[in-house]
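This is what each chain is made of:
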Amino acid sequence: MSQQDIILIIIGSVVAMIALGGGIIGVTYVLRPRWLLRQRMNQIGVIGDGAPSEKLETRRQRRIQQKIKQLESKSEKRSIRETIDIAILQAGYQITTTTFIVICMATGSVMALAYLLAGLPPIGALPVFLCGVIALPMLGLKVIAAKRQKKFTEDFANAIDLVVRGVRSGLPVNECFKVCAREFPPPVGEEFRMLVEGQNLGMTIEDLMEKGIERIPTAEYKFFAIVIQIQRQTGGNLADTLAGLSNVLRERKKMRDKARAMASEATASAAIIGSLPFAVALLLSLVKPDYLMVLYYEKTGNYLVGFGLFWMFLGAMVMKKMINFKM
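Nothing here was measured: the structure is a model prediction, and the numbers come from that model. (Residues numbered from 1 in each chain as written. Predicted model: local features only at pLDDT ≥ 70, side-chain atom pairs only at ≥ 80, totals over all residues. Heavy atoms only, no water.)

Trainee: How would you explain the overall build of the protein chain if you had to name every residue and give the values?
Mentor: A count of helical and extended segments in the protein chain gives 13 helices and zero strands. Scanning the protein chain from its N terminus toward the C terminus, one meets helices and strands in the order α-α-α-α-α-α-α-α-α-α-α-α-α. Expressed as a percentage of its 327 residues, the buried residues of the protein chain come to 26%. The long-range fraction of contacts in the protein chain, counting pairs at least 24 apart against all pairs at least 6 apart in sequence, stands at 57%. (Helix = DSSP H or I, 4+ residues; strand = E, 2+ residues; numbered from the N terminus. Buried < 20%, exposed > 50% of the residue type's maximum accessible area, 1.4 Å probe, protein only. Contact = heavy atoms within 4.5 Å.)

Below you can see the structure in the form of structure tokens.
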């Protein structure tokens, strides 16, 4: 091999190394932004094509589960006074706990006095008093709260649709809440009004949602609260998230209505069976009054009436439990 061939080999090797290095630098220069972008997207839980990764879904699911556990733990740790306060809030009344206790005491006293004036045994006055103080007022609050929650659920999906349309048109979320507070009747409009007023006073959305769940402890409102809180933490398209929530709420309502329609036959049967003894007693009282007077004037008859009412009440509760579908 001559000296000239050696020089050519060296020059060719240098040119090849320069070309290879230039190619590597060029490829790195072109692909480095994409590589950095992909690395950053992997760090936050999104892969290169923009689809949510399992990491992001796991984080969201974990946060949702943590929010649900927090709500459940707060609902369990309540004193008697807090339970009464929350029952009053859920019923929609603006009275203090002291006023409610005074009303309960007055109700129990009136019922016990009426019991004694009826000439019944005095030993039953204490249970009647306790029933008037504890059972009837709390039962009344629960019934009123259930009606209020049912009315809230009926209009809540429409309110969320209004928020979705407002967000997609460019309005801030707070302005959409103001529109819902103005356009919808209570309790939906009232709840959105409290959200707006709370934000104006500087309260955080987390605190407002927790207070709202205390007033309206429905699954629909819990879904809404969790969606808003998770969206504020992770970001994303709020309109699409709320639109999906609205679809879920409407499907739940359809399923609930379907279950109620399927249980309507059992409900009618329970009502007929429960009213038969009273209807027969009324007809016998009109046809032959002396036939049933033994049940009212004899002590054995009173016991029989009491046992009969107790077992009828127990059977009614069992039938109600069988046809009551919670979703």
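Trainee: Describe in detail unusual backbone geometry, supporting the description with residues and values.
Mentor: Leave glycine aside and you will find that most residues have negative phi; peptide bonds, for their part, are mostly trans. Here the amide bond leading from Pro186 into Pro187 is cis, since omega sits at 5°, within 30 degrees of zero. Within the secondary structure, Pro187 sits in the loop between helix H6 (173-183) and helix H7 (188-200).

Trainee: Any details on the confidence of the model for the protein chain? Residues and values, ideally.
Mentor: Looking at the protein chain as a whole, the pLDDT averages 78, with 75% of positions reaching at least 70. Counting contacts from residues 43-54, a segment whose pLDDT is below 50, to residues more than four positions away or on other chains yields 19 contacts. (pLDDT = per-residue confidence, 0-100.)

Trainee: Go over the environment of Gly301, please, and point to the residues and values.
Mentor: Relative to the helices and strands, Gly301 is located in helix H13 (residues 299-323). Every residue in contact with Gly301, bar those within four places of it in the chain, is listed here: Val294 and Leu295.

Trainee: Tell me about the packing of helix H8 (residues 205-215) against helix H9 (residues 219-234), and name the residues and values.
Mentor: The N-to-C vectors of H8 and H9 enclose an angle of 175°; their axes lie 10 Å apart at closest approach. Between H8 and H9, the interaxial angle falls into the category roughly antiparallel. Note on element contacts: H9 touches H8 through Tyr221, Lys222, Phe224, Ala225, Ile228, Gln229 and Arg232, opposite Ile205, Glu206, Met209, Gly212 and Ile213. Its residues placed into classes, the contact of H8 with H9 shows seven nonpolar, two polar and three charged. (Axes fitted to C-alpha atoms, helices over the stretch in contact; angles between N-to-C directions. Parallel < 35°, antiparallel > 145°, perpendicular 65-115°, else oblique. Nonpolar A, V, L, I, M, F, W, Y, C, P; charged D, E, K, R; others polar.)

Trainee: I'd like a rundown of the side chain of Ser246, residues and numbers included.
Mentor: In this structure, Ser246 sits in helix H10 (residues 238-262). Looking at Ser246, the relative accessible area reads 1%, which means it is buried. If sequence neighbours within four positions are ignored, Ser246 has contacts with Ala157, Ile160 and Asp161.

Trainee: Lay out the nonpolar core in plain terms, naming residues and giving numbers.
Mentor: Membership of the largest hydrophobic core comes to 31 residues, with the highest contact counts inside it found for Phe192, Phe224 and Leu242. Of all the secondary structure elements, the ones that give two or more residues to this core are helix H5 (125-168), H6, H7, H8, H9 and H10. If sequence neighbours within four positions are ignored, Phe224 has contacts with Phe156, Ile160, Phe177, Phe192, Leu195, Met209, Leu242 and Leu245. Formed by eight residues, the second largest nonpolar core is a distinct cluster that contains Ala87, Cys104, Val133 and Leu141. (Core = buried A, V, L, I, M, F, W, Y, C linked by side-chain atoms within 4.5 Å.)

Trainee: Before we move on, can you summarise a nonpolar patch on the surface with the specific residues and values?
Mentor: The grouping of Tyr303, Phe307, Phe310, Trp311, Leu314, Val318 and Met322 at the surface amounts to a nonpolar patch, some 810 Å² of accessible area in total. Within the secondary structure layout, Val318 lies in helix H13. (Patch = residues over 30% accessible without salt bridge, like charges linked within 9 Å, V, L, I, M, F, W, Y side chains within 5 Å. Areas by Shrake-Rupley, 256 points an atom, 1.4 Å probe, with all protein chains shown as cover. Salt bridge = Lys/Arg side-chain N within 4 Å of Asp/Glu carboxyl O.)

Trainee: Would you mind going over H5 in detail, with residue names and values included?
Mentor: Along its 44 residues, H5 runs 63 Å from first to last C-alpha, staying within 8% of the 64 Å computed at 1.5 Å per residue. Along H5, the helix axis deviates most sharply at Cys131, where the bend reaches about 40°. With its phi angle positive at about 105°, Gly170 sits one or two positions after the end of H5. (Expected span 1.5 Å × (residues − 1). Bend = angle between axes of the 7 residues up to and from the residue.)

Trainee: Before we move on, could you go through the side chain of Asp161 and cite the residues and values that matter?
Mentor: Position of Asp161 among the secondary structure elements: in helix H5. With residues up to four places along the chain from it excluded, the contact list for Asp161 reads Ser246 and Arg250.

Trainee: I'd like a rundown of the packing of H6 against H7, residues and numbers included.
Mentor: Look at H6 against H7: their axes get within 7 Å of each other, and the N-to-C directions meet at 140°. The orientation of H6 with respect to H7, classified from their angle, is oblique. Of the two possible hands of crossing, H6 and H7 adopt the one that is left-handed. Contacts from Asn174, Phe177, Lys178, Cys180 and Ala181 of H6 reach H7 at Gly189, Phe192, Arg193, Leu195, Val196, Gln199 and Asn200. Broken down by class, the residue content of the contact of H6 with H7 amounts to six nonpolar, four polar and two charged. (Left-handed = near helix turned anticlockwise from the far one by under 90°.)

Trainee: Residues and numbers for the packing of aromatic side chains, please.
Mentor: In this description, an aromatic ring pair is defined by two values, namely the gap between the centres and the angle between the planes. A complete count under the given rule lists 10 aromatic pairs for this structure. Between Phe177 and Phe224, the aromatic rings sit 6.3 Å apart at their centres with planes inclined by 65°, giving edge-to-face as the arrangement. In this pair, Phe177 sits in helix H6 while Phe224 sits in helix H9, placing the two residues 47 residues apart along the sequence. On the numbers, 5.3 Å between centres and 70° between planes, the contact of Phe310 with Trp311 is edge-to-face. Judged by its relative accessible area of 54%, Trp311 falls in the exposed class. (Phe/Tyr/Trp six-rings, centres within 6.5 Å; stacked < 30°, edge-to-face > 60°.)

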